[in-house]
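Chain by chain, the residues:
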2 protein chains.
Amino acid sequence: MSPRRVTLADVAKAAGVSRPTASLVLSGRGRELRISEDVAQRVLRAADELQYRPNIVSVGLRTGTSRTIGFVSDTVATSRLAGDMIKGALEAARDRGFMLFIGETEGDAELERLLLQAMHDRQVDGLILASMFTRTIKVPKSVKPMPTVLLNALPKQPAALPAVLPDEVEAGRVAARALLDAGHRDGIHLIGAGPRMRDVPPGSVAAVERLVGIREALGEADVKVAGGRICPDWQPEHGLAATRELLRTVRPRALICLNDRIAMGAYQALDDAGLKVPDDVSVVSFDDHPIASWIRPKLTTVALPHYELGRKAVDVLFTEIDGDPAASDRKGDVHRVPMPLRARESVAPPQDAARSGAGSS
Amino acid sequence: MSPRRVTLADVAKAAGVSRPTASLVLSGRGRELRISEDVAQRVLRAADELQYRPNIVSVGLRTGTSRTIGFVSDTVATSRLAGDMIKGALEAARDRGFMLFIGETEGDAELERLLLQAMHDRQVDGLILASMFTRTIKVPKSVKPMPTVLLNALPKQPAALPAVLPDEVEAGRVAARALLDAGHRDGIHLIGAGPRMRDVPPGSVAAVERLVGIREALGEADVKVAGGRICPDWQPEHGLAATRELLRTVRPRALICLNDRIAMGAYQALDDAGLKVPDDVSVVSFDDHPIASWIRPKLTTVALPHYELGRKAVDVLFTEIDGDPAASDRKGDVHRVPMPLRARESVAPPQDAARSGAGSS
DNA sequence: TCTCGTTGCTAAATCGGGTTAGCGGCGGAT
DNA sequence: ATCCGCCGCTAACCCGATTTAGCAACGAGA
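Note that the structure is a prediction, hence the values are computed from the model and not measured.

Rules and cut-offs
Residues numbered from 1 in each chain as written. Chains lettered and ligands numbered in written order. Predicted model: local features only at pLDDT ≥ 70, side-chain atom pairs only at ≥ 80, totals over all residues. Heavy atoms only, no water. Near = heavy atom within 4 Å. Polar contact = N/O pair within 3.5 Å; in protein donor to acceptor, adjacent residues only side chain to side chain. Helix = DSSP H or I, 4+ residues; strand = E, 2+ residues; numbered from the N terminus. Nonpolar A, V, L, I, M, F, W, Y, C, P; charged D, E, K, R; others polar. UniProt positions renumbered as here; feature names shortened; annotations may be inferred. Buried < 20%, exposed > 50% of the residue type's maximum accessible area, 1.4 Å probe, protein only. Lys, Arg positive; Asp, Glu negative; His and termini not counted. Salt bridge = Lys/Arg side-chain N within 4 Å of Asp/Glu carboxyl O. Contact = heavy atoms within 4.5 Å. Domains from an automatic or database assignment. Buried area = accessible area lost by both parts, 1.4 Å probe. Pairing = 2+ DSSP bridges. Core = buried A, V, L, I, M, F, W, Y, C linked by side-chain atoms within 4.5 Å. Right-handed = clockwise from strand over helix to strand, strands pointing away. Axes fitted to C-alpha atoms, helices over the stretch in contact; angles between N-to-C directions. Phe/Tyr/Trp six-rings, centres within 6.5 Å; stacked < 30°, edge-to-face > 60°. Patch = residues over 30% accessible without salt bridge, like charges linked within 9 Å, V, L, I, M, F, W, Y side chains within 5 Å. Areas by Shrake-Rupley, 256 points an atom, 1.4 Å probe, with all protein chains shown as cover. Charge placed at Lys NZ, Arg CZ, Asp CG, Glu CD. Parallel < 35°, antiparallel > 145°, perpendicular 65-115°, else oblique. Left-handed = near helix turned anticlockwise from the far one by under 90°.

## Examining the protein's contact with DNA strand D
Logical step 1: Around DNA strand D sit 23 residues in total, of which Leu8(A), Arg19(A), Ser23(A), Arg62(A) and Thr21(B) are the nearest.
Logical step 2: Sugar plus phosphate: this is where 57% of the atoms of DNA strand D within 4 Å of the protein reside.
Logical step 3: Within the contact set of DNA strand D, a phosphate oxygen lies 2.5 Å away from a side-chain nitrogen or oxygen of Ser23(A).
Logical step 4: Asn55(A) places a main-chain nitrogen or oxygen 2.8 Å from a phosphate oxygen of DNA strand D.
Logical step 5: Breaking the surface near DNA strand D down by element, the ones donating at least two residues are helix H2 (19–26) and helix H4 (56–63) of chain A together with helix H2 (19–26) and helix H4 (56–63) of chain B.
Logical step 6: With four residues, H4(A) is the single largest residue contributor to the surface near DNA strand D.
Logical step 7: Class assignment of the residues belonging to the surface near DNA strand D gives a composition of 11 nonpolar, seven polar and five charged.

So this is what it looks like as C-alpha cells:
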C-alpha cells in the first residue's frame, strides 16, 4: 500500500557503493575509516535526495537500544500533576530525539510487572518510575538491569536509584515567610496537619516535609504556630470541616492550608463565618492547583513544579544512560526541585499591623 | 551487565530442536505444520522454564509491526481531559498487548511533522490524533499510509478518517431535560453562548452542538429560552461577568452554563447577588470538571466522557488495523460517545412549581 | 622485480525472530 | 523388492541496520 520505506540499501545503490560504506558515512565514522571525500559526498547526497531515514527498529535490534524511555506511573489521570509532569518529560526526551512510552500501574503490582516486562520487551533505554503523590515505593526487582529514576518518590529500601522530588521543606519555609513578610506574627493556624510534627496524615511525605519547613521558618522568626487541624484526607470537604471547627473557638489571622483543595474548603468556611480573605484572614497554600487562580480572591500558593520535575527526571535519567562512570558514586542521589511561590491575592498584612504600616504591597 | 535475554535459540537448544521448530510451536502453527505432540511439549516446557519472551523489536523488524500505537495530541497538559483520555486509550491498548507512544505538537505543524516522523521511524501500527478541545483539524499528509483515528476532532477536509467525538448535541438535550424534568418552564437563561444559534464563540464546535441540543429539547417541550449571554472565553471570570450583567436586569429561574468553569463564575455572581443555588436558581452545566463536585452545592453537569473517548478511539483504531475490508466503506465514520448526566445538587424545582408539587427529588 | 604498507572499500557475520522450500525416513501399495 | 507419498523436522533466506575482518590496488623501498 504505502511506498516502501527507503532503506540503507537504496541509498547505497543510488550512490554506487556498498551498504556498509553508506552506513559508515552516515554514522559519521567515514572520516575515521578513510572513506574518500568523493564517496562520502555521493552517499550524503543520495541519502538526502531519497529522504533516507534509518529504521530505528532495525538499529534497535542491532544495538539493543530504542531511543525510547518508559514512563511508568501509578496513576496518570487522577491529578493535574500527571499532565505537566509528562509534558516536561516529553519535551526533555524530545530534545534528545527520544520518545516516551506511557504506562500506569494503578498501584497493582502484577500490572506493574506486566508493564515493565512490556517495556523491557521493547528494549526501552531507561525507565522513570513516577508517583502521583510524594511517597516511598517498593522498587520492583525487574528494573535492576535498566537505568532508572524515581520521580516524586523515594525508594523504600535505600536502593541505588536517583530520585527527583519537589523541595517540600523549602516550600514550607516559603509559605511561612509569605505570611511573615506580610507582617503576621500571631494567630497563624495550620489546616490539614500540625501543629505538632506528629499531626500528619499517615504516609504523606509532603505533609511532614511542609510542616518541617513551616515550623523552621516560623521558629527562626520567633513566631509560634497558634494552632492546627489535621485532615485525614486533603479534600475540600475536610478543609471546610476543619476550618469550621477551628472558627468555633478562635478567630485566626492567617491560615496555612496544606494544599489548595483544603484551602478551597477553608475559603467556604471563612465565607460562611463572614470573614473576608485577605482582609480578615490571610491564606497561603501549596500545590498551585488550577483552582487556585479561579477562586476569589486568587489564592497565594507554593507551586508544585510538575513540568520541571518531569524535565529533571529525564535529565537525570540521561546521565544514567550515558553512563558517566563518575556519576556512579552519585547513584542514590536525591534531586530536589524548587517550589516557587505564586503570590496572588489571598495574603495581606494583619489588620492591626496594617494600621502601623508594617505591610507590604 | 544484565543476564542476557533468553532468545528463541536458547529455547530451541534446551528443547533439543531447531530454532524454526521452536518458533512454529510457540507461534501456535505447530499443529497445522504437523509438529509432533512430544516435540511441542518439550518446546513449551523449555520456553516456560527459561521464561522465554519474544523480543518485540526483532519481530517488529521482520513483520513491520511494533505492537505500539502513537497518541499525538495538541496539548497533553493543559486540561484534565488529556489525563483521562490517555488513561482510556492506555487501558484499551493494554488489553490488546499494545503500548502507547505519547507526543504533543503544541499546535506547531513542524513539531507535528517531526513527531509523526519519529513515530513512523518506530513503526507504530496506528495513530490517534487527539485534540484537547473539540475542533476541526488539518490532517497531515504524512499519516496517509497508517491506520489513523481522530479523537475529539473532525477532519477539516472530509478525509476518509474515522473520528471519535463526545455527543454534544445529545448532551445539550440532556442538560435542558434536567431542568424540564425538575419542572422549569420559564426564566431559563444561557451563560456562555446563545440564545440564538449565531451567538457562539468562534471556532467552538462544542458551543454550537450544545446549543443545538438545548434548543431542540426546550423546543420540543414548547419552552422558550429566556435569554443568553455569550462569553468570548469559557473561563470563570467571564462566567462571573456575564452572570453579573444578566442579574442587573432580570432574575433567572435557571441557568444553563455552557461549561463548568463558567458555572463557577456564575455561582459567584449568584452568591454576590444573594441568590441561593438551587432554591432560587437552578444551574446545570457541561464537562464534569473536578471542580463541579467541589463547589457547594455540588454542580449538576453533563460529563465529557474522557475515559470512554480514549477507549473508543483505540477500539476504532483496531478495526482499522485489523483491516476488516467490510469496514473500509465506513472509513469516514463519526463515532459519538454519550455524555452522561451527573445529577448532583444544583437543580431543584422552581419555587412556584415546588409549591404545586411538580418537583422530583 | 619483489615485498611491504597504505589506502579505500566491501564481504560476511550479527542482532532475534519468521517463513518457505525441501530433505530424510518410514509405511503402504504394487 | 521397489516406488510413492506422507510425516516431521530443518536448512536457508529475510527484515534493515552495524561492525569486524580482510581484500584489491597502488606506491615506495630494497
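## Focus on the UniProt feature "domain: HTH lacI-type" (unreviewed entry) in chain A
Logical step 1: Here the UniProt-annotated "domain: HTH lacI-type" (unreviewed entry) positions come out as residues 6–63 of chain A.
Logical step 2: Counted over residues 6–63 of chain A, helix gives 66% and strand 0%. Its end C-alpha atoms are 20 Å apart.

## Re the side chain of Arg122(B)
Logical step 1: Relative to the helices and strands, Arg122(B) is located in the loop between helix H6 (109–121) and strand S3 (126–137).
Logical step 2: It is Asp121(B) that comes nearest to the buried, bridge-free Arg122(B) among opposite-charge side chains, at 5.4 Å.
Logical step 3: In this structure the side chain of Arg122(B) is engaged in a polar contact, spanning 3.2 Å, whose partner is the backbone oxygen of Gly97(A).
Logical step 4: In this view, Arg122(B) contacts Ile56(A), Val57(A), Ser66(A), Arg67(A), Thr68(A), Gly97(A), Phe98(A), Met99(A), Ser66(B) and Phe101(B); residues no more than four positions away in its chain are not counted.

## Looking at the domain arrangement of chain A
Logical step 1: Along its sequence, chain A is carved into domain 1 (8–54), domain 2 (63–161 + 306–338) and domain 3 (168–304 + 342–355).
Logical step 2: For domain 1 of chain A versus domain 3 of chain A, the distance between C-alpha centres works out to 64 Å.

## Some words on the interface of chain A and chain B
Logical step 1: Contacts between the two partners involve 56 residues from chain A and, on the opposite side, 56 residues from chain B.
Logical step 2: For the pair chain A and chain B, the summed buried surface comes to about 4,700 Å²; carbon and sulfur atoms form 60% of the total.
Logical step 3: Of all residues in chain A, Met99(A), Arg122(A) and Trp294(A) bury the most surface against chain B, accounting for 16% of the area lost on that side.
Logical step 4: On the surface where chain A and chain B come into contact, there are six salt bridges.
Logical step 5: Across the pair Arg5(B) and Asp121(A) runs a salt bridge, and its minimum N-O distance is 3.0 Å.
Logical step 6: At the junction of chain A with chain B, the criterion picks out 18 residue pairs in polar contact (both at pLDDT 80 or more).
Logical step 7: Those elements giving two or more residues to the side of chain A that touches chain B turn out to be H4, helix H5 (80–95), strand S2 (99–104), helix H6 (109–121), helix H9 (236–249) and helix H10 (260–272) of chain A.
Logical step 8: The residue inventory of the side of chain A that touches chain B, partitioned by class, reads 23 nonpolar, 17 polar and 16 charged.
Logical step 9: Taken together, the three bridges between S2(A) and strand S2 (residues 99–104) of chain B define a ladder with antiparallel strand orientation. Of the residues in S2(B), the one forming a bridge with Phe101(A) is Phe101(B).

## Observations concerning the protein's contact with DNA strand C
Logical step 1: Taken together, the neighbourhood of DNA strand C is formed by 22 residues, with Thr21(A), Ser36(A), Leu8(B), Arg19(B) and Ser58(B) sitting nearest.
Logical step 2: Sugar and phosphate atoms represent 53% of those atoms of DNA strand C found within 4 Å of the protein.
Logical step 3: Take Tyr52(B): an N or O atom from its side chain is 3.0 Å from a sugar or linking oxygen of DNA strand C.
Logical step 4: Side-chain polar atom of Arg62(B) to a base nitrogen of DNA strand C: 2.8 Å apart, as the coordinates give it.
Logical step 5: In terms of residue class, the surface near DNA strand C is built from 10 nonpolar, seven polar and five charged.

## Let's talk about the nonpolar core
Logical step 1: With 100 residues, the main nonpolar core has Leu255(A), Val283(A), Leu255(B) and Val283(B) as its most contacted residues.
Logical step 2: Here Leu255(A) is in contact with His189(A), Ile191(A), Thr243(A), Leu246(A), Ala266(A), Leu270(A), Val281(A), Ser282(A), Val283(A) and Val284(A), once residues within four sequence places are set aside.
Logical step 3: Grouped together as the second largest cluster of nonpolar side chains are 50 residues, Val149(A), Phe71(B), Ala93(B) and Val149(B) included.

## A few points about the pairing of strand S7 (residues 227–230) of chain B
All names here are of chain B.
Logical step 1: Alignment of strand S6 (residues 188–192) against S7, held across four bridges, turns out to be parallel. Residue pairing across strands places Gly 192 opposite Ile 230, the latter belonging to S7.
Logical step 2: Handedness of the crossover is the feature at issue here: the chain leaves S6, passes through helix H8 (residues 205–220), returns alongside S7, and the resulting connection is right-handed.

## A closer look at the pairing of strand S4 (residues 148–155) of chain B
Residues and elements named next belong to chain B.
Logical step 1: Of all the eight residues making up S4, seven are buried; the element is thus mostly covered by neighbouring parts of the structure.
Logical step 2: With seven bridges joining them, S3 and S4 adopt parallel strand pairing. Directly across from Ile 128, in S4, lies its bridge partner Val 149.
Logical step 3: Bridge analysis of S4 against strand S5 (residues 163–166) gives two bridges, and the strand direction is parallel. Directly across from Leu 151, in S5, lies its bridge partner Val 164.

## Notes on the sheet that holds S5(B)
Logical step 1: In spatial order, the strands read S11(A)-S5(A)-S4(A)-S3(A)-S1(A)-S2(A)-S2(B)-S1(B)-S3(B)-S4(B)-S5(B)-S11(B); together these 12 strands make up an open sheet with mixed pairing. The sheet terminates laterally at strand S11 (334–337) of chain A together with strand S11 (334–337) of chain B, the two strands that pair on one side only. Each strand axis lies, on average, 25° off the axis of its neighbour in the sheet, ignoring direction.
Logical step 2: Two strands pair when backbone bridges link them, and strand S1 (residues 68–73) of chain B and S3(B) are joined in this way by five bridges, in the parallel orientation. Paired with Ile69(B) across the two strands is Gly126(B), which belongs to S3(B).
Logical step 3: Where helix H11 (residues 306–321) of chain A meets the sheet, it contacts strand S1 (68–73), strand S3 (126–137), strand S4 (148–155), strand S5 (163–166) and S11 of chain A, and its direction lies at approximately 135° from that of S4(A).

## Remarks on the packing of aromatic side chains
All names here are of chain B.
Logical step 1: Applying the stated criterion to the full structure yields three aromatic pairs over all chains.
Logical step 2: Ring centres of Phe 98 and Phe 318 lie 4.8 Å apart, and the angle between their planes is 90°; on these two criteria the pair is classed as edge-to-face. Highlighted residues: Phe 98 in the loop between helix H5 (80–95) and S2 and Phe 318 in helix H11 (residues 306–321), separated in sequence by 220 residues.
Logical step 3: According to the relative accessible area criterion, Phe 98 is buried, its value standing at 12%.
Logical step 4: A relative accessible area of 4% means that Phe 318 is categorised as buried.

## Considerations on a positive patch on the surface
All names here are of chain A.
Logical step 1: A contiguous patch of positive charge, built from Lys 138, Lys 141, Lys 144 and Lys 156, is present on the exposed surface.
Logical step 2: Of note, Lys 156 is situated in the loop between S4 and S5.
Logical step 3: Classification of Lys 156 by relative accessible area gives exposed; the value is 52%.

## Points about the packing of helix H1 (residues 8–15) of chain A against helix H3 (residues 37–50) of chain A
Residue and element names in this part refer to chain A.
Logical step 1: Orientation of H1 relative to H3, taken along the N-to-C sense of each, is 125°, at an axis distance of 8 Å. The orientation of H1 with respect to H3, classified from their angle, is oblique. Pair H1 / H3 crosses with right-handed handedness. Contacts between H1 and H3 involve Asp 10, Val 11, Ala 14 and Ala 15 on the former and, on the latter, Arg 42, Val 43, Ala 46, Ala 47 and Leu 50.

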